[in-house]
Amino acid sequence: MAHTEKVANWQAIQKKTFTRWANQYLTKNEPIEDLTADLNDGIKLANLINAISEDKIGRINRKPKFDIQKLENLNTCIKFLENHDLHLVNIGSSDILNGNEKLILGLLWTIILRYEVADAEGKQGLLLWVQRSTKGYNGVNVTNFTTSFRDGLAFNALIHRYRPDLLEYDNLGSENAVENCEQAFEIAEKQLGIAKLLDAEDVVEAPDEKSMVAYLSQFFKKFAGQAKFDAMTTAIKNAVEVSKRHDEWISQYNQGTKEVLQFAVENKEKFAAEDSSESTEQVGSALESFTSFVKEVKPSVQAKRAECDGIYAALVSSKRNNKRPEFFPESCRPNELAAAWDEMESMEQTHERKLLDKYLAFQRADRGVSKFNTKAATLDAWLDEKLQTFTRDFNTSVQEIEAQLEVHRGFEERYGLYERTLQELSHIATELETVAASGHAGAQHVAAHMQSLQTKMNLAKEEGAEYRKKLETALAKEQKLIALEKEYLSKLDQFEFEFNGLVEQVAEFGSEGLTVSEIQKMSVDIKQFPEEIEKFNEKSSELASIASQIDRKQPDAVAHVQEIQNRIASISTSLAEKETTLHDALQEEQRKDELKQKFAMEANKFHSYCNAKQQSLSDISGDLEQQLEQINATRDNVFSEGSDKLEQLKSSAEECDKANIVVNSYTPHTINSLTAQFDQVLKSFKLTSNSVEAQIVAKKSLELSSEQLHELKEVFSVFDNDHDGTLNIQEFREAILGIGIDIEDVDFEKRFSTKIEFSMDDFIQFFIEVNKSGDSKEDILNAFRNLGGGGETMSSEAVDKYFAQVQDVQQYLHSNLLDGNYADFVEKLYLR
């Protein structure tokens, strides 16, 4: 292509582009149709300058008829531009009046550079901004404003970098250059409000640098504030996440404390109710159920209570650090919950004591009932036998009558002895009255049985007296008495009665269910029996002597006495065994008691230790980093120290388990409940640590990331041409443009009018100040206001635009930002 054709081509492209650029600032009623003709009277040029400049150009003749009037208008425009630091070369008002297209294009280019790209050297900053924005996109390598854009990929990458929701970049290819450009231009115009200054064919065939700069400057103006918007988005996201985290903790705390409080109330009522067991087995079953409650049911609820304490501590800390109002629980505070729990445990211990007392009382009652039944059975059988005897006829021989009379005397003597037995039984029945009132079925049966025995004894006394009269009448007829046989029978009867009593007493000795003091008393009592047994040996020898003399009349007497002596030997052996058993039982019970006291002392200390460490979370103070350091250091110490204590406690618990100790009256705590409590203390530290870490992360997200810092250093070095570590004011302005910040001239001059050079720290500090968005309620309101376009509401489209990358927050805002009223939303947000 010849040089003249190339010039004509780029002039045509520039004319079209600059015309479109100017028309986006002019009203629809006064557009420029022919750039060379429509600016010659100075009116539309003045309107354009007024639209893009913060200052007004001054008085313009709105109806010029003569060239002199038009030149005056044009001179006013040129003078205004020169007063605002625009260096116009080789162009005067007459050139515009005469429609010099090349010079008019040059004028518009100068205006574009001044007001859209900062100045002539602003192209470098604009190019650097485009390079940074499209870095990393496949097929894009921006090195200039012309050929780097021919395939359209760079335009699409630029849009996708700041608005990824508007297009799918990965579906594009460089072979579809025209379609790529048309897609980017259409999206920019319809979705971003960027006027279509270029035609796709012009970009693909012969891109013009000045036209490209004019178009790309519109993208810069649109996206330059993106970093600040990102900071505002992050601030809102963090505020929402804090409130969501608080909502979750509040829900968990309220639900958890409700469950724990209900558990405490229900069990207080349960423990307040009287036990209805009627036997030792039923009381034992109730104790097993209680033990199961202590070991299996209570620990999980106790852990839930400790978890609630941990959540409360984390919530209080987070609310304090995030400047949120104090938390007032729906159900109760930890100290109120602790009071309800302590009251339940107090009633639990009382209930346990009552069960244990009842169990021991029922065991003693069982022994009393057994003793009563044994004696009563002997008395019952004897009374039944004698009452039956009194109904029989008797022979008339002297020997038989005398024998029967002697037997009756034995009855009368035995009756007297059994009266003492009846008194013993009555005493036992009286002792059992209290436990009978507690529902012991055996004890209740004893009372009825005692009444029956009393009736039988009265009847036996009456009928025995009548029977004696009959025998004495018959004895008058029968005189012969067998003295020796009478003596034998009398002594034998007395011996058997006394010996049976000894057997009953020995049978009562046993260690099962007894306390240490009871075993000690029984050990003393049992030592009295060897002397008694020796007396029975002497009496049996006497009986043996008599039996040998009456062998003819009583042929079974010798064998009977031998049987008695065998029984004496057997009871001696049994007594020695029982004494050994009692000795062993006493040692075992003393050992168990020592183990229970040892475990109880360690358990109570460990429980207090866990409570103290849980409470220490509330004493953490300082800034977030100091709090985190204190929490982690304390947690490590608690884990190490507490684990050692818990291992020692487990060792004591294992000793108790091996000794078959089920209930420990010295402490309400078990190894299961204490393990759960310790685990929950560690969880509370972890929960609070995570909360503070989240707050630190949220705080730091409002500052610079490592990637941002790296980008700032790269941009600074590009404009530090003499490599002295400083930028002059012009270089600093270009660097600001390169990092993507669009700052108005007035703001720039206001900030930096007194400064002539800028360091890297100045550059970084400026970036932070521009993009900073705090976490106070006012900061969040300002963030919503800016993201929402300055109005009082934020639309659903704005929510989707700024929060598409954080979908949980996006969805939360759609659900809770009612009618877009962000003021009400933020007010409610900061109540939690």
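Structure: above.
Here the residue index of a chain counts from 1 through its sequence in written order. Where local features are concerned, this predicted model is filtered to residues with pLDDT of at least 70; where side-chain atom pairs are given and counted, the filter is 80 or more; whole-chain, interface and lining totals use all residues. Water and hydrogen atoms play no part in the side-chain values, which are based on all heavy atoms of the structure.

So, on to the pattern of salt bridges. The working definition used for a salt bridge is a side-chain nitrogen of Lys or Arg within 4 Å of a carboxyl oxygen of Asp or Glu. According to the stated counting rule, one finds 16 salt bridges in the structure shown. Across the pair Arg 163 and Asp 165 runs a salt bridge, and its minimum N-O distance is 2.9 Å. The buried label goes to any residue with under 20% of its type's maximum accessible area, the exposed label to any with over 50%, and the partly exposed label to all in between, with areas taken from a 1.4 Å probe on protein chains only. Looking at Arg 163, the relative accessible area reads 10%, which means it is buried. Members of the salt-bridge network, linked through shared partners, are Lys 298, Glu 345 and Glu 348.

Ile 111, Phe 155 and Phe 219 are the most contacted members of the largest nonpolar core, which totals 75 residues. Whether two residues are in contact is decided by their heavy atoms, any of which lying within 4.5 Å being enough. Other than its neighbours up to four places away in sequence, Phe 155 contacts Phe 149, Cys 181, Ala 184, Phe 185, Leu 198, Val 203, Met 212, Tyr 215 and Leu 216. Only buried Ala, Val, Leu, Ile, Met, Phe, Trp, Tyr and Cys residues count toward a nonpolar core, and they belong to the same one when joined by side-chain atoms within 4.5 Å. With 32 residues, the next largest nonpolar core counts Phe 362, Leu 379, Trp 382 and Ala 436 among its residues.

Once that is clear, we can look at the side chain of Gln 614. Helix and strand definitions here come from DSSP, where helices need a minimum of 4 consecutive H or I residues and strands a minimum of 2 consecutive E residues; each element is numbered from the N-terminal end. Looking at the secondary structure, you find Gln 614 in helix α21 (residues 557-616). Here Gln 614 falls in the buried class, since its relative accessible area comes to 12%.

It is worth spelling out the packing of helix α8 (residues 153-162) against helix α11 (residues 209-223) at this point. Contact pair α8 / α11: the axes reach a minimum separation of 11 Å and the direction vectors enclose 10°. Considering the angle they form, α8 stands roughly parallel to α11. Contacts between α8 and α11 involve Phe 155, Leu 158, Ile 159 and Tyr 162 on the former and, on the latter, Met 212, Tyr 215, Leu 216, Phe 219 and Phe 223. Charged means Asp, Glu, Lys or Arg here, nonpolar means Ala, Val, Leu, Ile, Met, Phe, Trp, Tyr, Cys or Pro, and polar covers whatever is left, Gly included. Its residues assigned to classes, the contact of α8 with α11 comprises 9 nonpolar, no polar and no charged. Interaxial angles span 0 to 180 degrees and are taken between N-to-C directions of axes, which are lines fitted to C-alpha atoms, for helices over the stretch in contact. Any angle from 65 to 115 degrees is called roughly perpendicular, while one under 35 is roughly parallel, one over 145 is roughly antiparallel, and all others are oblique.

The subject of this paragraph is the environment of Asp 808. Inspection of the secondary structure assignment puts Asp 808 in helix α30 (residues 807-816). Expressed as a C-alpha distance, the spacing of Asp 808 and Glu 241, which sit 567 residues apart in the sequence, is 9.3 Å. Residues within four places of Asp 808 in sequence aside, it is in contact with Glu 241 and Lys 244.

As a further point, take the environment of Ser 795. For Ser 795, the location among the structural elements is in the loop between α28 (777-787) and α29 (796-803). The class for Ser 795 is partly exposed, based on a relative accessible area of 36%. Sequence separation of Ser 795 and Cys 77 is 718 residues, and the distance between their C-alpha atoms is 41 Å.

On to the packing of α28 against helix α31 (residues 822-829). Across the interface, α28 lies against α31 with an axial gap of 10 Å and an inter-helix angle of 150°. Here α28 is positioned roughly antiparallel relative to α31, judged by the angle of their axes. For the crossing formed where α28 meets α31, the hand is right-handed. For the pair α28 and α31, the contacting residues are Lys 777, Ile 780, Leu 781, Phe 784 and Arg 785 in the first and Tyr 822, Ala 823, Phe 825, Val 826 and Glu 827 in the second. Across the contact of α28 with α31, the residue classes break down as 7 nonpolar, no polar and 3 charged. If you view the pair so one helix is near and one far, a crossing is left-handed when the near helix is turned anticlockwise from the far one by less than a right angle, and right-handed when it is turned clockwise.

What follows concerns the packing of aromatic side chains. Centres within 6.5 Å make a pair out of two Phe, Tyr or Trp rings, where for Trp the six-membered ring is used; the pair is then stacked when the planes are under 30 degrees apart, edge-to-face when over 60, and tilted otherwise. Tallied over the entire structure, the rule returns 24 aromatic pairs. Here Phe 155 and Tyr 215 contribute two aromatic rings whose centre-to-centre distance is 5.9 Å and whose plane-to-plane angle is 55°, an arrangement assigned as tilted. With Phe 155 in helix α8 and Tyr 215 in helix α11, this residue pair connects regions lying 60 residues apart in the sequence. The pair Phe 155 / Tyr 215 is uniform in exposure class, with both members buried. Centroid distance Phe 263 to Trp 341: 5.9 Å. Interplanar angle 20°. Geometry classified as stacked. Here Phe 263 is found in helix α12 (residues 226-272), whereas its partner Trp 341 is found in helix α14 (residues 334-389), with 78 residues between them in sequence. Judged by relative accessible area, which is 12%, Phe 263 ranks as buried.

None of this, on its own, says anything about what the molecule does.
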